[in-house]
Amino acid sequence: AQKVTQAQTEISVVEKEDVTLDCVYETRDTTYYLFWYKQPPSGELVFLIRRNSFDEQNEISGRYSWNFQKSTSSFNFTITASQVVDSAVYFCALVSGNTPLVFGKGTRLSVIA
Amino acid sequence: DAGVIQSPRHEVTEMGQEVTLRCKPISGHNSLFWYRQTMMRGLELLIYFNNNVPIDDSGMPEDRFSAKMPNASFSTLKIQPSEPRDSAVYFCASRQGSGNTIYFGEGSWLTVV
């Protein structure tokens, strides 16, 4: 069975602080894909990143960075110098093959000015 | 390019009424997913289609829910009769191929009173 765990239900930080959102996954498949989605207060689900199981290189996109570690089955997401606009619910998700996304419960991030 | 298009965006209906939610996937995508989001249960998969064929409908709550995909560019999710506990945001999403990114529509916000 596939499972995604986001242990942090809510995080609150002050603007300009760095924050890391944790994601731990479970799968028996050797080929799989990991995702992060952002859900701002307006409600839509916005795709942020997709990573395949064979690529453990960390990725950086502006203030966002992702750390993928197969040894610990983790795919953590860091926002550097957080801004109020980063306030949202962030979902980590997993898929293998032709299956649908399996989502974590999400982490609600509040960035306070 | 147009994203996944859902209608209606918002619907308020009375208990017992039939509700039909509509979805147009991204052109060229061959998989379509219906998810439901509630505070209590988070994001849960209701049903998904590959090449217009329903693959897994185990997430459909009960017989009051039905989904169809008559062609590659259109799907419906129907609730008949609706109940207050069906109040949720219903997301449609689509994907091209296996393991690729799943893109979500803006959601249909359903309130059953």
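Read on for an overview of the structure.

The rules behind each value
- Residues numbered from 1 in each chain as written.
- Chains lettered and ligands numbered in written order.
- Predicted model: local features only at pLDDT ≥ 70, side-chain atom pairs only at ≥ 80, totals over all residues.
- Heavy atoms only, no water.
- Buried < 20%, exposed > 50% of the residue type's maximum accessible area, 1.4 Å probe, protein only.
- Helix = DSSP H or I, 4+ residues; strand = E, 2+ residues; numbered from the N terminus.
- Pairing = 2+ DSSP bridges.
- Core = buried A, V, L, I, M, F, W, Y, C linked by side-chain atoms within 4.5 Å.
- Contact = heavy atoms within 4.5 Å.
- Buried area = accessible area lost by both parts, 1.4 Å probe.
- Salt bridge = Lys/Arg side-chain N within 4 Å of Asp/Glu carboxyl O.
- Polar contact = N/O pair within 3.5 Å; in protein donor to acceptor, adjacent residues only side chain to side chain.
- Nonpolar A, V, L, I, M, F, W, Y, C, P; charged D, E, K, R; others polar.

Looking now at the pairing of strand β11 (residues 108-112) of chain B. The two faces of a sheet get side chains in turn, since along a regular strand they alternate between them. All names here are of chain B. Burial of β11 is one-sided: the residues S108, L110 and V112 facing one way are buried, the residues W109 and T111 facing the other way are not. Where strand β2 (residues 10-13) and β11 come together, four bridges link them in parallel fashion. For H10, the partnering residue across the bridge sits in β11 and is W109. Bridging between strand β9 (residues 88-95) and β11 involves three bridges; their strand directions are antiparallel. Within the sheet, the bridge partner assigned to A88 lies in β11 and is L110.

By size, the foremost hydrophobic cluster in this structure holds 23 residues, and its most contacted members are W36, F75, F77, Y90 and L109 of chain A. Among the secondary structure elements, those contributing two or more residues to this core are β2 (10-14), β3 (19-21), β5 (33-39), β8 (64-69), β9 (74-79), β10 (88-95) and β12 (107-112) of chain A. Residue contributions to this core peak at four residues, all from β10 of chain A. In this structure F77 of chain A touches V19, T20, L21, W36, L48, Y64, S65, W66 and Y90 of chain A, once residues within four positions along its chain are discounted. Formed by 21 residues, the second largest nonpolar core is a distinct cluster that contains L46, I47, F49 and F65 of chain B.

Residues and elements named next belong to chain A. Two strands pair when backbone bridges link them, and β3 and β9 are joined in this way by three bridges, in the antiparallel orientation. Bridged to T20 within β9 is T78. The pairing of β8 with β9 spans six bridges and is classified as antiparallel. Bridging across to β9, W66 finds its partner in F77. Counting the residues that bridge the hairpin from β8 to β9 gives four residues, and of these S73 lies at a positive phi of roughly 50 degrees.

Bringing the interface of chain B and chain A into the picture now. Taken together, the contacts link 20 residues of chain B with 18 residues of chain A. Between chain B and chain A, roughly 1600 Å² of surface is buried when both sides are summed, and carbon and sulfur atoms account for 56% of that area. In this structure, the connection of chain B to chain A is made through zero salt bridges. Taken together, chain B and chain A are joined by five residue pairs in polar contact (both at pLDDT 80 or more). Sorting the residues of the side of chain B that touches chain A by element identifies β4 (31-38), β5 (42-50), β9 and β10 (103-104) of chain B as the ones contributing at least two each. Considering only residue class, the side of chain B that touches chain A consists of 10 nonpolar, eight polar and two charged.

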